[in-house]
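Summary of the model geometry
Here is how the chains run, residue by residue.
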Amino acid sequence: MDVIGFILTVVLVVVALFITVMPLFSGQVPFVRSIQKEKPSKEALKEVVFTTLNELELEYRMGKVTKEDYEELKKKHEKEAADLMEIREPVANLESIDDEMMRQVEKEIEEELARRKEGGK
């Protein structure tokens, strides 16, 4: 009886070691589905850019970002937004787009600040 128990113990230990060590040599992890990296959609990228612009504006108004950094980052992200929106207008119209976008950003920031004030009370 002791011999059978010993043999079963050895077999179980060998199987456990095999299952534990095998992924290290094969490069694959069992029982794990491969993660597919999907390319983000255009809408998701737009959302990220506009959210970044809103947060940048908020941080500038709160004094966390210098004016130079704010203007540089704002232009960069506005260009990304324009590229995503496929705006191909003459340079003369960019100023009106900038003004309209600024009004929209300011409105959204004011709404967010109002929501945060109401939530804090």
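Residues numbered from 1 in each chain as written. Predicted model: local features only at pLDDT ≥ 70, side-chain atom pairs only at ≥ 80, totals over all residues. Heavy atoms only, no water.

What about the packing of helix H2 (residues 42–61) against helix H3 (residues 67–84)?
Packed helices, taken two at a time, are described by the angle between their axes plus the distance between the axes. The condition that has to hold: Axis definition: a line fit to C-alpha positions, over the contact stretch in the case of helices; interaxial angles, taken between N-to-C directions, run 0 to 180 degrees. Runs of H or I in DSSP of at least four residues are treated as helices and runs of E of at least two as strands, each being numbered from the N terminus. For classification purposes, an angle smaller than 35 degrees is called roughly parallel, one larger than 145 roughly antiparallel, one from 65 to 115 roughly perpendicular, and anything else oblique. Helix crossings fall into two classes, left-handed where the near helix is turned counterclockwise from the far one by less than a right angle and right-handed where it is turned clockwise. The contact criterion used throughout is that any non-hydrogen atoms of two residues lie within 4.5 Å.
Look at H2 against H3: their axes get within 10 Å of each other, and the N-to-C directions meet at 160°. As summarised for this structure, H2 and H3 are arranged roughly antiparallel, according to the angle between their axes. The handedness of the crossing between H2 and H3 comes out as left-handed. Where H2 abuts H3, its residues Lys 42, Leu 45, Lys 46, Val 49, Phe 50, Thr 52, Leu 53, Leu 56, Glu 57 and Tyr 60 lie against Lys 67, Tyr 70, Leu 73, Lys 74, His 77, Glu 78, Glu 80, Ala 81 and Leu 84.

Side note on the confidence of the model for the protein
Formally: Per-residue confidence from the predictor is reported as pLDDT, which spans 0 to 100.
Of all residues in the protein, 79% attain a pLDDT of 70 or more, and the chain-wide mean is 79. Mean pLDDT across the elements of the protein ranges from a minimum in helix H4 (residues 91–120), with 76, to a maximum in H3, with 88.

Remarks on the packing of aromatic side chains
Note the cut-off: Put simply, two rings from Phe, Tyr or Trp (the six-membered ring, in Trp's case) pair if the centres are within 6.5 Å, and we call them stacked under 30 degrees between planes, edge-to-face over 60, tilted for the rest.
Enumeration according to the criterion identifies one aromatic pair in this entry. Taking 4.1 Å as the distance between ring centres and 10° as the angle between the ring planes, the aromatic pair formed by Tyr 60 and Tyr 70 counts as stacked. Separated by ten residues along the polypeptide, Tyr 60 in helix H2 and Tyr 70 in helix H3 bring together distant segments of the chain.

What about the pattern of salt bridges?
Short version of the rule: By convention in these notes, a salt bridge is any Lys or Arg side-chain nitrogen within 4 Å of a carboxyl oxygen on Asp or Glu. Under the scheme applied here, a residue whose accessible area is under 20% of the maximum for its type counts as buried, over 50% as exposed, and between as partly exposed, the area being computed with a 1.4 Å probe on protein chains only.
Under the defined criterion, the tally for this structure stands at seven salt bridges. Here Glu 106 and Arg 61 are joined by a salt bridge, their closest N and O atoms 3.6 Å apart. A residue pair is termed long-range when its members are at least 10 positions apart, and Glu 106 in helix H4 and Arg 61 in helix H2 qualify at 45 residues. Using a relative accessible area of 26% as the deciding quantity, one classes Glu 106 as partly exposed. Under the relative-accessibility criterion, Arg 61 is labelled partly exposed at 41%. A salt bridge links Arg 116 to Glu 112, with the shortest nitrogen-to-oxygen separation between them at 3.0 Å. Of this pair, Arg 116 and Glu 112 both sit in helix H4, four residues apart, roughly one helical turn. Through salt bridges that share partners, Glu 57, Arg 61 and Glu 106 make up one connected network.

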